[in-house]
There are 2 protein chains.
Amino acid sequence: MNTKLDLKKIEKISKALGDPYRLKIMELINKEKCALQCATIIDKFELSQSTISHHVKQLIDADLLIAEKDGRNASYQVNKEVFASYIKYLNSFGC
Amino acid sequence: MNTKLDLKKIEKISKALGDPYRLKIMELINKEKCALQCATIIDKFELSQSTISHHVKQLIDADLLIAEKDGRNASYQVNKEVFASYIKYLNSFGC
DNA sequence: TCGATATATCCAAATATTTCGATATATAAA
DNA sequence: TTTATATATCGAAATATTTGGATATATCGA
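Not measured: the values here are computed from a predicted model.

Quick word on the protein's contact with DNA strand D
Then comes step 1: With respect to spatial proximity, 25 residues lie near DNA strand D, and among them Gln49(A), Ser50(A), Ser50(B), Thr51(B) and His55(B) are the closest.
Then comes step 2: What you see for DNA strand D is that sugar and phosphate hold 62% of its atoms within 4 Å of the protein.
Then comes step 3: Between DNA strand D and the protein, one listed contact pairs a phosphate oxygen with a side-chain N or O atom of Ser53(A) at 3.3 Å.
Then comes step 4: Residue Thr51(B) places a side-chain N or O atom 2.8 Å away from a phosphate oxygen belonging to DNA strand D.
Then comes step 5: Those elements that place two or more of their residues in the surface near DNA strand D are helix H3 (38-44), helix H4 (49-61) and strand S3 (73-78) of chain A together with helix H2 (20-31) and helix H4 (49-61) of chain B.
Then comes step 6: Split into classes, the residues belonging to the surface near DNA strand D amount to six nonpolar, 11 polar and eight charged.

Overview of the sheet that holds strand S2 (residues 65-70) of chain B
Residue and element names in this part refer to chain B.
Then comes step 1: Taken in spatial order, the three strands make up an open sheet running S1-S3-S2, and their pairing is antiparallel. Edge positions in the sheet fall to strand S1 (36-37) and S2, since each has one partner strand and no second.
Then comes step 2: Two strands pair when backbone bridges link them, and S1 and strand S3 (residues 73-78) are joined in this way by two bridges, in the antiparallel orientation. Counterpart to Leu 36 in the pairing with S3 is Tyr 76.
Then comes step 3: Each of S1, S2 and S3 is contacted by H2, which is oriented at about 90 degrees to S3, the strand it contacts most.
Then comes step 4: Where H4 meets the sheet, its contacts fall on S2 and S3, and the angle it forms with S2 comes to roughly 120 degrees.

Details of the protein's contact with DNA strand C
Then comes step 1: Not every one of the 24 residues close to DNA strand C is listed here, only the nearest: Thr51(A), His55(A), Ala39(B), Gln49(B) and Ser50(B).
Then comes step 2: Here a phosphate oxygen of DNA strand C and a side-chain polar atom of His55(A) are 2.4 Å apart.
Then comes step 3: For DNA strand C, a phosphate oxygen lies 3.5 Å from a polar atom in the backbone of Cys38(B).
Then comes step 4: For the surface near DNA strand C, the secondary-structure elements that each account for two or more residues are helix H2 (20-31) and H4 of chain A together with helix H3 (38-44), H4 and S3 of chain B.
Then comes step 5: Among the elements that line the surface near DNA strand C, the one with the most residues is H4(A), at five residues.

Quick word on the side chain of Asp19(A)
Then comes step 1: Along the chain, Asp19(A) falls in the loop between helix H1 (7-17) and H2.
Then comes step 2: Within the structure, the side chain of Asp19(A) is placed 2.9 Å from the backbone nitrogen of Tyr21(A), a separation counted as a polar contact.
Then comes step 3: Sequence-distant contacts of Asp19(A), that is, excluding residues within four places in its chain, are made with His55(A) and Glu11(B).

Observations regarding the layout of surface pockets
Then comes step 1: Its volume calculated, the largest pocket comes out at about 180 Å³.
Then comes step 2: Around the largest pocket, the lining residues are Glu27(A), Asn2(B), Thr3(B), Lys4(B), Leu5(B), Asp6(B), Leu7(B), Ser85(B), Lys88(B) and Tyr89(B).
Then comes step 3: Take the lining of the largest pocket: its biggest share by element is three residues, from helix H5 (residues 80-94) of chain B.
Then comes step 4: Among the residues forming the lining of the largest pocket, the class breakdown is three nonpolar, three polar and four charged.

What about the packing of H2(A) against H4(A)?
Helices that pack against each other are described as a pair by the angle of their axes relative to one another and the distance between those axes.
All names here are of chain A.
Then comes step 1: It is the contact of H2 with H4, at a shortest axis distance of 10 Å, that shows an interaxial angle of 70 degrees. Classified by the interaxial angle, the pair formed by H2 and H4 is roughly perpendicular. The residues of H4 that touch H2, namely those facing Tyr 21, Arg 22, Ile 25 and Met 26, are His 55, Val 56, Gln 58 and Leu 59.
Then comes step 2: Tallied by class, the residues present in the contact of H2 with H4 amount to five nonpolar, two polar and one charged.

Things to note about the packing of H1(A) against helix H5 (residues 80-94) of chain A
All names here are of chain A.
Then comes step 1: Remark: H1 packs on H5, axes separated minimally by 11 Å, with the N-to-C direction vectors making an angle of 110 degrees. Relative to H5, H1 is oriented roughly perpendicular. Where H1 abuts H5, its residues Leu 7, Ile 10, Ile 13, Ser 14 and Leu 17 lie against Val 82, Phe 83, Tyr 86 and Tyr 89.
Then comes step 2: Grouping the constituent residues of the contact of H1 with H5 by class yields eight nonpolar, one polar and no charged.

Calculation criteria
- Residues numbered from 1 in each chain as written.
- Chains lettered and ligands numbered in written order.
- Predicted model: local features only at pLDDT ≥ 70, side-chain atom pairs only at ≥ 80, totals over all residues.
- Heavy atoms only, no water.
- Near = heavy atom within 4 Å.
- Polar contact = N/O pair within 3.5 Å; in protein donor to acceptor, adjacent residues only side chain to side chain.
- Helix = DSSP H or I, 4+ residues; strand = E, 2+ residues; numbered from the N terminus.
- Nonpolar A, V, L, I, M, F, W, Y, C, P; charged D, E, K, R; others polar.
- Pairing = 2+ DSSP bridges.
- Contact = heavy atoms within 4.5 Å.
- Axes fitted to C-alpha atoms, helices over the stretch in contact; angles between N-to-C directions.
- 1 Å grid on protein atoms, 1.4 Å probe; cavity = no way out; pocket = protein on both sides within 12 Å on 5 of 7 lines; lining within 4 Å.
- Points joined across faces, edges and corners; volume = space filled by probe spheres on them.
- Parallel < 35°, antiparallel > 145°, perpendicular 65-115°, else oblique.

Fair warning: the whole summary comes from geometry, so function is off the table for now.
This is how it looks when you write it as structure tokens:
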């Protein structure tokens, strides 16, 4: 595990984290012990459902979130693996 | 040291890292033992001088680079402190 | 001083991202 | 089976980012 990410992927992850709503969505999901439902996210922000869906998709596309579908509900959790790999890359700059 | 970064700052740093050229500029500067001159960066990429200058400015504005001016030359080095703080923030997601 | 060089800034065009309303899709509930 | 609910996708407008040419500024060398 702890795959080495290529530059394209690093770029995508960084871009996904470069938006205030997406950061707040990540924090919200991270606070939950277990997976968080989409409707909960929509409740918390002054954004339309389609906009939230779009932001969540970007986080999923960057592999920062893992999505799970249960019937008509979707839930998400943080992909700790990918964060670990991203941090590993950043460590070359940090220390 | 190792200041806690607010969300706005995390966003700015992530955005600054969310571009292929800026990532490559960071890597280039990081590879140098000592500070890297601007002209060297310009040589390495197929981008105009003004575009490089703009990208470097964004990295400086995000505090990822420290700029030093010596006469008409400018040189840059990685701000390890800020990287460390950014990584510290990301650790809440990673493990 | 005068011309050359290094970098930064200004402006505008090209491109990408964000946002929302409308609609599609799939499932649950009546 | 019909209706309601949850989420995703499409299309278009608003906004932001990227890019390069032109120019400004500051300094070095002749």
